Amino acid sequence: ATSGVAPPTCGTYPNNGDVWFSATTSPLGTLALDLDHVSATDLAMALYSFGGACPTPTLTQVSCNDDLVPITDLSPFISMTGLAANTVYYIRVWPEANISNGGTFSLCAYWPTPPPNDNPCGAIDLDMSNPSCVPATFNTQDATTSAVAPPSCAATGLADVWFRIVVPSNGRVTINTIAGSLSSMGMALYTGTCAGALTQVDCNDNNPGGGQMPFLNPATVYTAGQVLYVRIWSQTTGFGTFQICAY
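These remarks concern the structure in this document. The shown structure was predicted, so the numbers you read here are calculated from the model rather than taken from an experiment.

Rules used throughout
- Residues numbered from 1 in each chain as written.
- Predicted model: local features only at pLDDT ≥ 70, side-chain atom pairs only at ≥ 80, totals over all residues.
- Heavy atoms only, no water.
- Helix = DSSP H or I, 4+ residues; strand = E, 2+ residues; numbered from the N terminus.
- Buried < 20%, exposed > 50% of the residue type's maximum accessible area, 1.4 Å probe, protein only.
- Contact = heavy atoms within 4.5 Å.
- Areas by Shrake-Rupley, 256 points an atom, 1.4 Å probe, with all protein chains shown as cover.
- Lys, Arg positive; Asp, Glu negative; His and termini not counted.
- Charge placed at Lys NZ, Arg CZ, Asp CG, Glu CD.
- Pairing = 2+ DSSP bridges.
- Disulfide = S-S within 2.5 Å.
- Axes fitted to C-alpha atoms, helices over the stretch in contact; angles between N-to-C directions.

## With respect to the overall build of the chain
Argument step 1. A count of helical and extended segments in the chain gives 0 helices and 16 strands.
Argument step 2. Along the first, second and third principal axes, the C-alpha set of the chain runs to 70 × 35 × 25 Å.
Argument step 3. Per-residue burial for the chain yields a buried fraction of 44% across its 247 residues.
Argument step 4. Intrachain contacts of the chain at a sequence separation of at least 6 include 77% that bridge at least 24 residues.
Argument step 5. About 11200 Å² of surface is accessible on the chain, with carbon and sulfur atoms providing 53% of the total.
Argument step 6. Averaging the locations of the 4 positively and 15 negatively charged side chains of the chain gives two centres separated by 12 Å.

## A short note on the pairing of strand E15 (residues 227-234)
Argument step 1. Counting buried positions along E15 yields 7 of 8 residues, so the element is predominantly enclosed.
Argument step 2. Bridging between strand E12 (residues 185-192) and E15 involves 6 bridges; their strand directions are antiparallel. Opposite Gly186, over in E15, you have Trp233 as the bridge partner.

## A word on the state of the cysteines
Argument step 1. According to the stated counting rule, one finds 4 disulfides in the structure shown.
Argument step 2. Bridging Cys121 to Cys194, the disulfide has an S-S length of 2.1 Å. Sign of the S-S torsion, about 95 degrees for the bond between Cys121 and Cys194, identifies this disulfide as right-handed. A residue pair is termed long-range when its members are at least 10 positions apart, and Cys121 in the loop between strand E7 (105-110) and strand E8 (124-125) and Cys194 in the loop between E12 and strand E13 (198-204) qualify at 73 residues.
Argument step 3. Relative accessible area serves as the criterion here: at 25%, Cys194 is assigned to the partly exposed category.
Argument step 4. Each sulfur of the disulfide joining Cys133 and Cys245 lies 1.9 Å from the other. Judged by the torsion about the S-S bond (95 degrees), the Cys133/Cys245 disulfide is right-handed. Taken as a pair, Cys133 in the loop between E8 and strand E9 (136-139) and Cys245 in strand E16 (residues 241-246) lie far apart in primary sequence, 112 residues in all. Across the pair, exposure class does not vary: Cys133 and Cys245 are buried alike.
Argument step 5. Each bonded cysteine of the chain gets a number by its place in the sequence, and the pairs then read 1-2, 3-6, 4-8, 5-7.
Argument step 6. Cys108 takes part in no disulfide bond, and the closest cysteine sulfur to it belongs to Cys10, at a distance of 19 Å.

## Here's the deal with the sheet that holds strand E6 (residues 88-95)
Argument step 1. The sheet built from 4 strands is open, its strands ordered E1-E6-E3-E4 with antiparallel pairing. Of all strands in the sheet, those bounded by a partner on one side alone are strand E1 (19-24) and strand E4 (58-65). Direction aside, the axes of adjacent strands within the sheet are offset by 30 degrees on average.
Argument step 2. Relative to E6, strand E3 (residues 43-51) is paired through 6 bridges, and the arrangement is antiparallel. Paired with Tyr48 across the bridge in E6 is Tyr90.

The structure is reproduced here in structure tokens:
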């Protein structure tokens, strides 16, 4: 147990049983922490900046996570940007709610590199001249949650990636996804500009033909040449592969 440090803000703290680690941020001020349970069943984790000096340092919480995906994945995960570069931060791990949830675990600290389409302005163009909807494979590894307001459906996890489509001459769009290592995802469609306001116009988390991969075929007829943005994220786990196509 740790005295003199305020209880963390997530994952009900049982006031005992925490352990501490340290890790150094990248030259760009990034740091990711990936914890996996071994014999432990439900752990939580927080990241702290360090001030002052031992034995009475000032530890300030900068991030806290108890579940990667609530209910479905109880392993905590933290990925941060904007931290002080080349700086040691401290990691606190504890059994959530009850000491009996503790046990052995593995913890990996690394410098994350988000995918190029991590944010709307990095959106990857989808080929709309693809009537057979031949899919391309993409990965959500180290994606972060965008600053855009959460979508109206399947808003779990939200380690999202973005795509861009240009409406064809008939004004209709269809977007389909296929499972890879990820098999349950959500997808939302937006109008607007990547550097300005984006407005959600459609959202789906289950293909009407069956399965838990999203499919969008909005009834709206858009203006030919209009740019639309597609946001996609996993509902059940952190990172993985999937396929997407549009026409």
